[in-house]
Amino acid sequence: MKMKHLLFLIAFLTFGFFAVACGGDKPKEEAPAAEAPALSPELTKGEELFTQNCTSCHGEKGAGDGPAAASLNPKPRNYKAPAAEWKNGNSVAGITKTLKEGIKGTSMVSYSHLGPEGIDAVAKYVEYLTKN
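In this report, the structure presented in the accompanying data block is examined.

So, how was this worked out
- Residues numbered from 1 in each chain as written.
- Predicted model: local features only at pLDDT ≥ 70, side-chain atom pairs only at ≥ 80, totals over all residues.
- Heavy atoms only, no water.
- Helix = DSSP H or I, 4+ residues; strand = E, 2+ residues; numbered from the N terminus.
- Buried < 20%, exposed > 50% of the residue type's maximum accessible area, 1.4 Å probe, protein only.
- Contact = heavy atoms within 4.5 Å.
- Salt bridge = Lys/Arg side-chain N within 4 Å of Asp/Glu carboxyl O.

1. Comments concerning the environment of Asn132
Okay, step 1: Tracing the sequence through the fold places Asn132 in the segment after α5 (115–131).
Okay, step 2: For Asn132, a relative accessible area of 52% translates into the label exposed.
Okay, step 3: As a C-alpha pair, Asn132 and Tyr79 span 53 residues in sequence and 9.8 Å in three-dimensional space.

Here is the structure:
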């Protein structure tokens, strides 16, 4: 083997060794995904009550796609629907009215058993879901 080829081989192997040893062969790490901001304590309470009382019909994100939705007529409200389609509106006041009274002719019953604080927390969480 000629000296020129031998030097090239040594250089090539040395460079390859250092490239691997220094991490040149590792895939680049992706930046961590941005986490959603933490919910306030009141929204966290609303989320907890929503999960216990509402997801079976409205689904986890309020899309009206909970497990019980398929058997309901009319279908549960999709929270992304325009405000005009909501019986009492999609403001906290309108959602509170719906939670207190229910909606006649639908499967939406009164949730007055949650009490004023529980209803307020759920209403604020539902409003949050309409925007997120």
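2. Notes on helix α4 (residues 92–101)
Okay, step 1: If you check which residues of α4 are buried, you get Gly94, Ile95, Thr96, Thr98 and Leu99.
Okay, step 2: As for α4, its buried residues are in contact with α5.
Okay, step 3: At the exit of α4 stands Gly102, carrying a positive phi of roughly 75°.

3. Some points on the pattern of salt bridges
Okay, step 1: Considering all chains together, one arrives at five salt bridges under this definition.
Okay, step 2: Here Glu42 makes a salt bridge to Lys124, at a shortest N to O gap of 3.3 Å. Of this pair, Glu42 sits in helix α2 (residues 41–53) while Lys124 is found in helix α5, placing the two residues 82 residues apart along the sequence.
Okay, step 3: Here Lys124 falls in the partly exposed class, since its relative accessible area comes to 27%.
Okay, step 4: Across the salt bridge formed by Glu127 and Lys131, the nearest N and O atoms sit 3.5 Å from each other. Of the two residues, Glu127 and Lys131 are both situated in helix α5; the distance of four residues between them amounts to about one turn of the helix.

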